[in-house]
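Below, each chain spelled out in residue letters.
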Protein chains: 2
Amino acid sequence: MPLPHTMPTPLRLLSFALFTVFLIGLPIHSAHAADDAALRDEALGYFEPLPDKPVFKNENPANKEKLELGKMLYFETRLSKSNVFSCASCHNLSTGGVDNNPFSTGHKWMVGGRNAPTVLNASLHIAQFWDGRAADVEAQAQGPILADVEMGATQKLVLKRLGSIPEYVYRFGKAFPNEKEPLRYENIANAIGAFERTLLTPSRFDSFLKGDNKALTEKEKEGLRIFMNINCAGCHNGPAVGGNGYQKFGVVKKPKNMEDLGRFGVTKAEEDKNVFKIPSLRNIELTYPYFHDGRHWKLEDAVKDMALYQLGEPVSRDDVDAIVAFLKSLTGKMPDIVLPILPPSTDSTPIPDRN
Amino acid sequence: MPLPHTMPTPLRLLSFALFTVFLIGLPIHSAHAADDAALRDEALGYFEPLPDKPVFKNENPANKEKLELGKMLYFETRLSKSNVFSCASCHNLSTGGVDNNPFSTGHKWMVGGRNAPTVLNASLHIAQFWDGRAADVEAQAQGPILADVEMGATQKLVLKRLGSIPEYVYRFGKAFPNEKEPLRYENIANAIGAFERTLLTPSRFDSFLKGDNKALTEKEKEGLRIFMNINCAGCHNGPAVGGNGYQKFGVVKKPKNMEDLGRFGVTKAEEDKNVFKIPSLRNIELTYPYFHDGRHWKLEDAVKDMALYQLGEPVSRDDVDAIVAFLKSLTGKMPDIVLPILPPSTDSTPIPDRN
């Protein structure tokens, strides 16, 4: 690579120096790239990127009107007896799809028994609720509206409310065009569920899985490596980095305060005592406090507990730090939500009842 | 106007007929236009269109960062002791800037003493709250955060919470660039207030005032005419169609259940007993139930009460209908609100307290 003779000497020297650095750098760069490729290969054995588009349920196909209706109902306080709460109250889309409380506050200041899980990416889970008692987001959405300690309503009440509002009657017809009775309780949940399926939050981790080596920092990559090596990824895997199976809380060692029997309440099977759905770790940075009972506020403490109770493996402070750094790379791009405008009640709409 | 001789006879007859209709129609159209112009002239003696742009306070100038911060704080549940409530809970931007409850539910299921007024166009009012005890939206926003029955927090608590979150510290610096101590209690309210000043809702009524005769229906115009003739507009006037003065609830006749002494609580002046700020009628269709105590759910009933207690004038059912039709033309275009994404708490952020 002869340098042009017209170039003054200092510049020629600089060019030469830069070229040398480039030549020396090449193998280092290649070695890193090879490491990254190996890490990605290993990671792709456990994880996959989030789907590029929402995955809808065959029995509940999406259309534009249904998604808009679902968003409206997600923010609709008239689905609660008191008109104080909506889905968005506990699954707040400004704060990672949760309310950042150990247990959620509901009707008459009553309190739930388990930490409200995030709605973000929830449609990818094997089932819904900590104990998996609902098959999917559509089935889940039927629950809180009727729960005494949550929204405290009845099917009859919410159907009467929505049915008294012409715009809702019209919108249910558009959203469920082939149904004789579009405005029925299941369809409230179907619309909400369809909307919830759009709440996907791709993060830098997805970019890494798809081939962008620079999407993660070296520390995050180190955390990912440890996360797989010590087998966190044995449970927290798949596109949602969890959410796709059940596990006993306390595989190796029993944690304190395990009165909550978890999935046993659903199956009555002895082996399901203290078993919970493995939570997704996507956006875990935002969804504190942690575990089914919100016992930990710090992600570090949750990681340490998991290592202790699930893996029986002591982890160093540095390893916890690296794992936490990796976990924070799972914080994704939040969905852009334009607040829906809800139609006013009419003279025949049942009024709120705080009692 | 000779018709071309090449035109076949039936077409020539049709053209002639249409031309005749046009000639006859002209004066009718002109008479309507003259009526509309007169109605507009009269209306402009009472009302004015909403300002095209938000009007900010000299002491609290707007900048992009402040408006974004204000929106974030408006949706920030960490401004409440329990982390359950935000400004948006009671002043819900999906439902006309109110919660459609007679009294709002707050901390520990306690209940407020007056109906939550809408935040929409509120910056145009003479003062804030039903009794006018806060000078402007900036001053108002300081209240509910600290009120026992509303958000139940303290200045110390919310400053500690926001101050523990680096993104907020950074954003307050950007929003209040020339201040030594950008993150202080008054500035929380200043940012919220600046955001609230952007919440203007121009309606078809503004289009009419600006010259568009077709913006209102004949019935709405008739309602506007009656609204002025029977002197509703004596109080409900200005750009917000109200909000710019005080009046006794019961000028002519005392209504039932007037334990609430209103502005007397602020001024201690005998003549202010049962005096309240005249509410803005913009978006009144959406802001039921009505009056300071939410006593009426139907707009018709509120109109009848006003005629009876304020004007001492019986109004016919037809007139009430027309007035209500006019009032519904004040329902404006709601602001487009993209839900803000709030930064997560840190290890030093005080956790929620439901007690």
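Residues numbered from 1 in each chain as written. Chains lettered and ligands numbered in written order. Predicted model: local features only at pLDDT ≥ 70, side-chain atom pairs only at ≥ 80, totals over all residues. Heavy atoms only, no water.

As for helix H8 (residues 185–196) of chain A
Residues and elements named next belong to chain A.
For step 1, the next point in the chain: Given a rise of 1.5 Å per residue, twelve residues ought to cover 16 Å, and the 17 Å separating the end C-alpha atoms of H8 matches this to within 8%.
For step 2, the next point in the chain: Along H8, eleven of the twelve residues are buried, which leaves the element largely enclosed by surrounding structure.
For step 3, the next point in the chain: Among the residues making up H8, those that are buried are Tyr185, Asn187, Ile188, Ala189, Asn190, Ala191, Ile192, Gly193, Ala194, Phe195 and Glu196.
For step 4, the next point in the chain: Looking at the packing, one finds that the buried side of H8 touches helix H2 (64–74), helix H3 (87–90), helix H4 (137–140), helix H5 (143–146), helix H6 (155–163) and helix H7 (166–175). (Helix = DSSP H or I, 4+ residues; strand = E, 2+ residues; numbered from the N terminus. Expected span 1.5 Å × (residues − 1). Buried < 20%, exposed > 50% of the residue type's maximum accessible area, 1.4 Å probe, protein only. Contact = heavy atoms within 4.5 Å.)

Brief notes about the relation of the copies chain B and chain A
Both copies of the chain are related by one operation, a rotation about an axis with a shift along it.
For step 1, the next point in the chain: Aligned on chain A, chain B shows an RMSD of 0.0 Å; the corresponding rotation is 180° and the shift along the axis is 0.0 Å. Overall, the copies show the geometry of a two-fold rotation axis. Of every C-alpha in chain B, the one belonging to B:Val338 sits nearest the axis of rotation, 2.2 Å from it.
For step 2, the next point in the chain: Most of the interface of chain B is mirrored in chain A, where 100% of its interface residues again form contacts. (Least-squares fit on C-alpha atoms with pLDDT ≥ 70 in both.)

What about the interface of chain B and chain A?
For step 1, the next point in the chain: With 38 residues of chain B at the contact, the number on the chain A side is 38 residues.
For step 2, the next point in the chain: Summed over both partners, the interface of chain B with chain A buries about 3,400 Å², with 61% contributed by carbon and sulfur atoms.
For step 3, the next point in the chain: Per-residue buried area on chain B facing chain A is highest for B:Trp109, B:Leu339 and B:Arg354; these three make up 24% of the total on that side.
For step 4, the next point in the chain: The interface formed by chain B and chain A holds zero salt bridges in total.
For step 5, the next point in the chain: Linking chain B with chain A are twelve residue pairs in polar contact (both at pLDDT 80 or more).
For step 6, the next point in the chain: Classifying every residue of the side of chain B that touches chain A by side-chain character gives 20 nonpolar, twelve polar and six charged. (Buried area = accessible area lost by both parts, 1.4 Å probe. Salt bridge = Lys/Arg side-chain N within 4 Å of Asp/Glu carboxyl O. Polar contact = N/O pair within 3.5 Å; in protein donor to acceptor, adjacent residues only side chain to side chain. Nonpolar A, V, L, I, M, F, W, Y, C, P; charged D, E, K, R; others polar.)

A look at the nonpolar core
For step 1, the next point in the chain: The biggest cluster of nonpolar side chains holds 78 residues, and the ones touching the most others in it are A:Leu73, A:Leu93, A:Ile188, B:Leu73, B:Leu93 and B:Ile188.
For step 2, the next point in the chain: Look past the residues within four positions of B:Ile188 in its chain and what remains in contact with it is B:Leu73, B:Leu79, B:Ile145, B:Val158, B:Leu159, B:Leu162 and B:Phe172.
For step 3, the next point in the chain: A:Leu216, A:Met228, A:Tyr309 and A:Phe326 belong to the second-largest nonpolar core, a separate cluster that totals 38 residues. (Core = buried A, V, L, I, M, F, W, Y, C linked by side-chain atoms within 4.5 Å.)

Overview of the packing of aromatic side chains
For step 1, the next point in the chain: With the rule as written, the count across this model stands at 26 aromatic pairs over all chains.
For step 2, the next point in the chain: Their ring planes at 65° and their centres at 5.7 Å tell us that A:Tyr74 and A:Phe75 sit as a pair that is edge-to-face. Here A:Tyr74 matches A:Phe75 in class, with each residue buried.
For step 3, the next point in the chain: Through successive ring pairs, a cluster of aromatic residues spans A:Tyr46, A:Phe47, A:Phe205, A:Phe227 and A:Phe326.
For step 4, the next point in the chain: Directly above the ring of B:Phe208 sits B:Arg40, whose terminal nitrogen or CZ lies 4.6 Å from the centroid.
For step 5, the next point in the chain: A cation over an aromatic ring shows up here: B:Arg263 above the ring of B:Tyr246, its NZ or CZ 4.1 Å from the ring centre. (Phe/Tyr/Trp six-rings, centres within 6.5 Å; stacked < 30°, edge-to-face > 60°. Lys NZ or Arg CZ within 6 Å of the ring centre and 35° of its normal.)

Regarding the confidence of the model for chain A
For step 1, the next point in the chain: In the predicted model, chain A carries a mean pLDDT of 94, and 92% of its residues have values of at least 70.
For step 2, the next point in the chain: Across the interface, the model reports ipTM at 0.91; the global pTM reads 0.92. (pLDDT = per-residue confidence, 0-100.)

Some details on the domain arrangement of chain A
Residue and element names in this part refer to chain A.
For step 1, the next point in the chain: Segmentation of chain A into domains returns domain 1 (64–196) and domain 2 (202–328).
For step 2, the next point in the chain: Domain 1 and domain 2 are separated by 27 Å when their C-alpha centres are compared.
For step 3, the next point in the chain: Contacts between the two partners involve 23 residues from domain 1, matched on the other side by 25 residues from domain 2.
For step 4, the next point in the chain: For the pair domain 1 and domain 2, the summed buried area comes to about 1,900 Å², and 59% of that belongs to carbon and sulfur atoms.
For step 5, the next point in the chain: Sorting the residues of domain 1 by area buried against domain 2 places Asn100, Ile126 and Trp130 first, and these three jointly supply 32% of that buried surface.
For step 6, the next point in the chain: Counting every contact that joins domain 1 to domain 2 gives one salt bridge.
For step 7, the next point in the chain: Across the pair Arg114 and Asp260 runs a salt bridge whose closest N-O atoms are separated by 2.8 Å.
For step 8, the next point in the chain: Across the domain 1-domain 2 interface, the total number found is nine residue pairs in polar contact (both at pLDDT 80 or more). (Domains from an automatic or database assignment.)

Structural notes on the side chain of A:Thr349
All names here are of chain A.
For step 1, the next point in the chain: With respect to the helices, strands and loops of the structure, Thr349 is situated in the segment after helix H13 (317–328).
For step 2, the next point in the chain: One polar contact links Thr349 to Ser164, side chain to side chain, over a distance of 2.6 Å.
For step 3, the next point in the chain: A polar atom in the side chain of Thr349 sits 2.8 Å from the backbone nitrogen of Thr346.
For step 4, the next point in the chain: When sequence neighbours within four positions are dropped, the list of residues in contact with Thr349 reads Arg161, Ser164 and Ile165.

Here we look at the pattern of salt bridges
For step 1, the next point in the chain: Under the counting rule described, the total for this entry stands at 40 salt bridges over all chains.
For step 2, the next point in the chain: Salt bridges sharing common partners tie together A:Arg114, A:Asp131, A:Arg133 and A:Asp260.

Some remarks on helix H12 (residues 299–311) of chain A
All names here are of chain A.
For step 1, the next point in the chain: Over its 13 residues, H12 extends 17 Å from the first C-alpha to the last, a length consistent with the 18 Å expected when each residue adds 1.5 Å.
For step 2, the next point in the chain: All buried positions along H12 are accounted for by Leu299, Ala302, Val303, Asp305, Ala307, Tyr309 and Gln310.
For step 3, the next point in the chain: Those residues of H12 that are buried lie in contact with strand S1 (246–248) and H13.
For step 4, the next point in the chain: Backbone geometry just after H12 places Gly312 at a positive phi near 60°.

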